[in-house]
Amino acid sequence: MPAKLSFRYLISVSVLLLFIIVGRSTAIAQSETFQLDNGLEVILQEQHGSPMVASMLFVKSGAKYESKYENGITHFLEHLLFDGTTSLTRLELDNSISDLGGYINAFTRKEMTAYLVLLPSQYIDYGMTVQADMLFNSIIPADELEKERKVVIEEINRDADSPGSAADAFFVEKAYAGTDYARPVLGFKAFIENIPRESIIDYWKKSYVPSKMTLLVIGDFQSDSMKTMVKSVFGQFSDSSVGLPAGSAAPAEHNALGNSTTALTGQTIYDTVANVPSTYINFSYAAPKVSDTDYLAIDLLSMYLGMDDISPLMKDLKGGAEPLATEASVSLATYEEFSRLEISVITPDAGNKDEIISLIQSHISGIKNHTADPDAIAGIITSTRCQDIYMSEKLHYLGFMIAPMMMTAGWDYIQAYPDEIAKVDWDQCRQAASNWFTEPVFVATVVSPVDSGQTGFIPQTMTAEEVTGHFDSVTFSGYDPATRAQIVYPSTEQVSFDLRDEAQYHREELANGLTVFVKSRPGNKIFAMNVLGKNRTVNEPPGKEGITDFVNRMVERGTVTRSGRELTRDLAAIGANTTLYDNPWIPYDDRYTSRRFSFLKFETIDDYAEKGFYLFSEMLLNPSFDSIEIENVRQSMIGVAMRNSGKASDVAKALFYKTMLGDSAYGRTVMGNARSIGMISKADLVEHHSKFYSSENMILTIVTARPVAEIMNWIDRSYGRLTSTGFQSAVASAPVLPITTINVHEEMDKEQISIYVGGPLVGVEETEKSSLSVAMSILSTRLYQTLREKQGLAYSVGAGHQFDRHFGWYYCRIGTSFENYQQAIDGINLQIEKLTFDGPTEAEISKARNKIWGRLMSAKLSSINQAYYLGLDEFLGYSKDRDDEFLAELASVDINSIRRACSKYVRTGGQIVASAGKKQ
């Protein structure tokens, strides 16, 4: 079942150095490029680190290529291509990949649409056949169209409800006025509601032809056999066989807004108010296109300017005890026709805007005179090379990362990027800055919160009359699915999973209570380290919610021997990545954030293993807790908390946990709130760090190519010297089961209402957990199929569960229009009752087993996640053989065990229904 995500490419969104680098650089092995006779460009790259293959097909079709009366059609079409082909129904498409332990997805951006399949290598021929069938043989069924309209409209509503949506829309409208990049990817409600099916089909036939596509295949295969496979699957289609017939009336080319190369002129600042929680300031400076000789120098400059504690711009914006901004970022937005240096700032005080604007202008115009820290520049170059290795383990993220540059600069550029950026020096950056920013050309926007009674900025839209009036005069070409080539699907054997684990495992509990787990695997290119702190919210003092998150953020702000600047420099020098807390700008990266534990992730390449180990250990064990840095972090956390308080999904989730768990530790918010964050003192942080990250309360896990004995020697010399504190971690108590349904709601002025339905799982036996895991997977699929795919109530809907060591909870979630509130809850409860009383089918159980296992194995592709899951399994009381044990447990699940588990623990008569958003 694909989660058909469509990420808007918001130009002003904050981008980490990691994502800037990865977007331009991903390859470590030699690749082979060729073109099929039909014009399809193919890129093959072997990577044999795991038994998986990713097939990513990029289509030169996006908002950039739409006309006024096509705006939103590309993204809408992406949804519709999952609704059935001449060979497979929608249900078969949804299930076919997950049944084989794989992952299928798609996303639309301004300049392209991408389709991704990740599968065990023995099934990739089937996955590519599914891709070809969807892209060339879809039937775009009329009976699915109305449902899909509703789904996309709910997606538009969801995006409109995000805290900075109005600021993003205002910035794009002004900064990209007159270009084809001004169009929103999702389009407008009136267009989605009224576009005829025939127009969608004509656009599909115009855009989805082999000559406008690029196929990238990366993973565990042999190039000769893969080349034969690609030719067999994709070579049977041609532009003439799938495109518009000769002489037909194709939709207008993309010229409604002028053209894509409209240049910026002058220096313009637009100031407005809107429904936003903070003040958003965005700059878009004209910058060299990718083929320009100054491009790489400006690229390196942008990465330098975005480095916290290093960049003079970042220090002035975010430094000090009372920073001007809580968030700031710099990125280089690269398009085919031009580039833009983008600077994005969020401040909680609108009174800071003039000073911030002046600072940005001063730094950009004066950067040509700045002398950069040579170690910082060297660190950027090193990080570029290291990211290649990190991403080689994360095939399922690769498509998202490289997509923009694939269509803008091409694969050869991506391949050459690490070597080319390494040739750039700071003198070249200064010269390029002199060329472009001495008299810079830019557009800037300022969007502040609207006062009561004011009319704020409202994003542009279309009317139904405009849309229908246009299409009344359009002639369409028609479509007969029977004319399409019938694709032949390869047979698939019984699903099997190749764990390919030749590692040595070592578990040890040190005398001071620290639990250590080391996985040594010869040939591993990455040194990965994870530290898990047990019982997170349970050990936070009352009224100091969020203190663990506060401590984690302080870990990167300096140690007793290194300042924050020195720490940033030294991490970059070894190309290290750290994940210490949720980044609010990266979608879905909070999936690992938990009330049950905290985690700190660190990775570097194995060449820097020893240096990285001691550097990260210093960060963890000896943070400085500098008073100025504490206040700086506090302001940033309060800003995040305030923005999250405006998100209906976050508010509903917090209400759900608070109502279900009451005043117990797990009922507290993980991130804290403005009040609790404001109450935390330096002494509180020092004390909490000494207890929560004491030897007794930590689990240290490492994945590496180094021998176990070498790693244990490092650990003994650092962590082994820690003195036992005698700290005894608190343990969460099980909640009281609700006797009747409890309804809670918080009214918010939003387009959607976010709903959580669920309850505690108390007294679950270990043997019942796998049955409940399968049950929740089946329930999630049923909710997706009924509430989204049949009724079109939501873009995002599903079910899940979590287990602590002594109890757990389950939840169903949906975001929908307020008029669908009762229908959504009734639909959730109907599926719960059907699963409990009727039970699942054998086919559903088999599919759920494969999906659960496939997703777990996909999550464990990377060394850093292997380290994370080793720590989690240890925390939950499982052995190193947990994967084998879990696989056996899944095999034992049957219809009766699911019915028994659901009837005992999943009750519609005693649940929590929490919601936030517009209900009246």
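Residue numbers run consecutively from 1 along every chain, following the written order of its sequence. Two thresholds apply to this predicted model, a pLDDT of at least 70 for residue-level local features and 80 or more for giving and counting side-chain atom pairs, whereas whole-chain, interface and lining totals are computed over all residues. Just so you know, side-chain values use all the structure's heavy atoms and leave hydrogens and water out.

(A) Molecular detail of the overall build of the protein. Secondary structure summary: the protein contains 32 helices and 22 strands in total. For the radius of gyration, the atom set is restricted to C-alpha positions; the globular benchmark scales as 2.2 Å times the number of residues to the power 0.38. By the compact-globule yardstick of 29 Å for 920 residues, the protein fits well, its C-alpha radius of gyration being 27 Å. With the C-alpha coordinates aligned to their principal axes, the bounding extent of the protein is approximately 80 × 75 × 65 Å. Exposure is judged per residue with a 1.4 Å probe applied to protein chains only, and the accessible area is read against the type maximum: over 50% gives exposed, under 20% gives buried, and values in between give partly exposed. Counting all 920 residues of the protein, 62% fall into the buried class. Helical segments are the DSSP runs of H or I of at least four residues, strand segments are the runs of E of at least two, and each set is numbered from the N terminus.

(B) Spatial organisation of the side chain of Asn137. Within the secondary structure, Asn137 sits in helix 4 (residues 124-137). Judged by relative accessible area, Asn137 falls into the buried class, the value being 0%. Residues are treated as being in contact if the distance between any of their heavy atoms lies within 4.5 Å. In this structure Asn137 touches Thr85, Thr86, Ala132, Trp204, Phe237, Tyr479, Arg484, Ala485 and Ile487, once residues within four positions along its chain are discounted.

(C) Local environment of the pairing of strand 4 (residues 103-108). Within strand 4, five of the six residues are buried, leaving the element largely enclosed by the surrounding structure. DSSP calls a pair of strands paired once it identifies at least 2 bridges connecting them. Sheet topology note: the strand 4/strand 5 (residues 113-120) ladder contains six bridges and is antiparallel. The partner of Phe107 across the bridge, within strand 5, is Ala114. The turn linking strand 4 back onto strand 5 is made up of four residues.

(D) Local environment of the side chain of Glu768. Take Glu768: it is sitting in helix 27 (residues 766-790). Looking at Glu768, the relative accessible area reads 14%, which means it is buried. What qualifies as a polar contact is a pair of N or O atoms within 3.5 Å, subject to a donor-acceptor requirement within protein and to the restriction that residues adjacent in sequence count only when both atoms come from side chains. At a separation of 2.7 Å, a polar atom in the side chain of Glu768 contacts the side chain of Lys904. Residues within four places of Glu768 in sequence aside, it is in contact with Gly763, Lys904 and Tyr905.

(E) Seen up close, the sheet that holds strand 14 (residues 526-534). One open sheet holds the six strands; their spatial order is 12-13-17-14-16-15, and the pairing between them is mixed. Edge positions in the sheet fall to strand 12 (504-509) and strand 15 (577-579), since each of these pairs with one other strand and no more. Across the sheet, the mean angle separating the axes of adjacent strands is 10° when strand polarity is ignored. Judged from the six bridges that link them, strand 13 (residues 515-520) and strand 17 (residues 698-704) form a sheet pairing that is parallel. Each axis is a line fitted through C-alpha atoms, taken for helices only over the stretch in contact, and angles between the N-to-C directions span 0 to 180 degrees.

(F) Geometry of the packing of aromatic side chains. Aromatic rings from Phe, Tyr and Trp, taking only the six-membered ring of Trp, are treated as a pair when their centres fall within 6.5 Å; an angle between ring planes under 30 degrees marks them as stacked, one over 60 as edge-to-face, and anything in between as tilted. Evaluation of the coordinates by the stated rule reveals 38 aromatic pairs. Relative to Trp809, the ring of Tyr666 has its centre 5.9 Å away and its plane inclined at 75°; by these criteria the two rings are edge-to-face. Within this pair, whereas Tyr666 is found in the loop between helix 23 (648-661) and helix 24 (674-678), its partner Trp809 is found in strand 21 (residues 807-817), the two being separated by 143 residues in sequence. As a reminder, the over-ring test applies to NZ of lysine and CZ of arginine, requiring each to be within 6 Å of the ring centre and within 35 degrees of the ring normal. Against the face of Tyr270 rests Lys174, its NZ or CZ located 4.9 Å from the ring centre. In this structure, Arg553 packs its charged tip against the face of Tyr581, placed 4.2 Å from the ring centre.

(G) Representation of the state of the cysteines within the structure. Two cysteine sulfurs form what is called a disulfide whenever their separation falls within 2.5 Å. As enumerated under the stated definition, the model contains zero disulfides in all. No disulfide involves Cys429; its sulfur sits 20 Å from the nearest other cysteine sulfur, which is in Cys386. Cysteine Cys812 shares no disulfide, and the gap to the nearest cysteine sulfur, in Cys902, comes to 10 Å.

(H) Fine view of the environment of Leu216. On the secondary structure map, Leu216 appears in strand 6 (residues 213-219). Sequence spacing of Leu216 and Ser55 is 161 residues, and the spatial spacing of their C-alpha atoms is 5.9 Å. Look past the residues within four positions of Leu216 in its chain and what remains in contact with it is Ile43, Ala54, Ser55, Met56, Phe58, Ile402 and Trp411.

(I) View of the sheet that holds strand 8 (residues 279-287). With mixed pairing, the five strands of this open sheet are ordered in space as 7-11-8-10-9. Lying at the two open borders of the sheet, with one neighbouring strand each, are strand 7 (267-274) and strand 9 (327-334). Neighbour to neighbour, the strand axes of the sheet diverge by 15° on average, direction disregarded. Direction of pairing for strand 8 relative to strand 11 (residues 442-449): antiparallel, over a ladder of six bridges. Bridge pairing in strand 11 places Tyr280 opposite Val447. Of the strands in this sheet, strand 8, strand 9 and strand 10 (339-347) are in contact with helix 11 (residues 295-305), which crosses strand 9 at around 165°. Strand contacts of helix 13 (residues 353-366): strand 7, strand 8, strand 10 and strand 11, with the helix running at about 20° to strand 8, the strand carrying the most contacts.

(J) Spatial organisation of the pattern of salt bridges. Salt bridges are defined by distance alone: a side-chain nitrogen of Lys or Arg within 4 Å of a carboxyl oxygen of Asp or Glu. Applying the stated criterion to the full structure yields 45 salt bridges. The salt bridge involving Lys68 is made with Glu466; its shortest N-O contact spans 3.5 Å. Here Glu466 lies in helix 18 (residues 464-471) and Lys68 lies in the loop between strand 3 (52-59) and helix 2 (73-80), a separation of 398 residues in the sequence. Accessibility expressed as a relative area gives 29% for Glu466, which makes it partly exposed. With its nearest N and O atoms 3.1 Å apart, the salt bridge here joins Lys423 to Glu420. Of the residues examined, Lys423 reaches a relative accessible area of 58% and is grouped as exposed. Counted as one network, the salt bridges with shared partners bring together Asp83, Arg90, Glu144, Lys147, Glu148, Arg788 and Glu789.

(K) Inspection of the packing of helix 3 (residues 90-98) against helix 27 at higher detail. Between helix 3 and helix 27, the least distance of the axes is 12 Å, while the angle of their chain directions is 135°. The pairing of helix 3 with helix 27 is recorded here as oblique in orientation. Regarding helix 3 and helix 27, the two cross each other, and that crossing is right-handed. Facing Arg90, Leu91 and Asp94 of helix 3, the residues of helix 27 in contact are Tyr784, Gln785, Glu789 and Lys790. We call Asp, Glu, Lys and Arg charged. Ala, Val, Leu, Ile, Met, Phe, Trp, Tyr, Cys and Pro are nonpolar, and the rest, Gly among them, are polar. Class assignment for the residues of the contact of helix 3 with helix 27 results in two nonpolar, one polar and four charged. Put simply, angles under 35 degrees are roughly parallel, angles over 145 are roughly antiparallel, angles from 65 to 115 are roughly perpendicular, and the rest are oblique. For a crossing to be left-handed, the near helix must be turned anticlockwise from the far one by less than a right angle; the clockwise case is right-handed.

(L) Representation of the packing of helix 5 (residues 142-160) against helix 27 in the model. Relative to each other, helix 5 and helix 27 sit at 95°, their axes nearing to 8 Å. Classified by the angle between their axes, helix 5 and helix 27 sit roughly perpendicular to one another. Residues Glu144, Lys147, Glu148 and Val151 of helix 5 touch helix 27, and the partners they reach there are Arg788, Glu789 and Lys790. Residues that form the contact of helix 5 with helix 27 fall into these classes: one nonpolar, no polar and six charged.

(M) Structural view of the pairing of strand 16 (residues 597-605). Within strand 16, nine of the nine residues are buried, which leaves it mostly tucked inside the rest of the structure. In this sheet, strand 16 lies alongside strand 14 in antiparallel orientation, the contact comprising nine bridges. Across the sheet, residue Asn530 finds its bridge partner in strand 16, namely Lys601. As paired elements, strand 15 and strand 16 share three bridges and run antiparallel to each other. Among the inter-strand pairings, Thr578 is bridged to a residue of strand 16, identified as Phe602.

(N) Representation of the environment of Thr445 in the model. Tracing the chain through its elements places Thr445 in strand 11. Separated by 412 residues in the primary sequence, Thr445 and Met857 have C-alpha atoms spaced 44 Å apart. Excluding residues within four positions of it along the chain, Thr445 makes contact with Phe170, Phe171, Lys174, Tyr270, Tyr280, Ile281 and Asn282.

(O) Examining helix 15 (residues 395-408) more closely. Compared with an ideal rise of 1.5 Å per residue, which puts 14 residues at 20 Å, helix 15 spans 21 Å between its outermost C-alpha atoms and is within 8% of the ideal. The largest bend along helix 15 measures about 55° and falls at Ile402, with the proline Pro404 one to four residues further on. Counted residue by residue, helix 15 has 13 buried out of 14 residues, so it is predominantly covered. Of the residues flanking the end of helix 15, it is Gly410, one or two places downstream, whose phi is positive at about 95°. Helix span is expected to be 1.5 Å times the residue number reduced by one. Bend is computed residue by residue as the angle between axes fitted to the seven residues ending at the residue and the seven residues starting at it.

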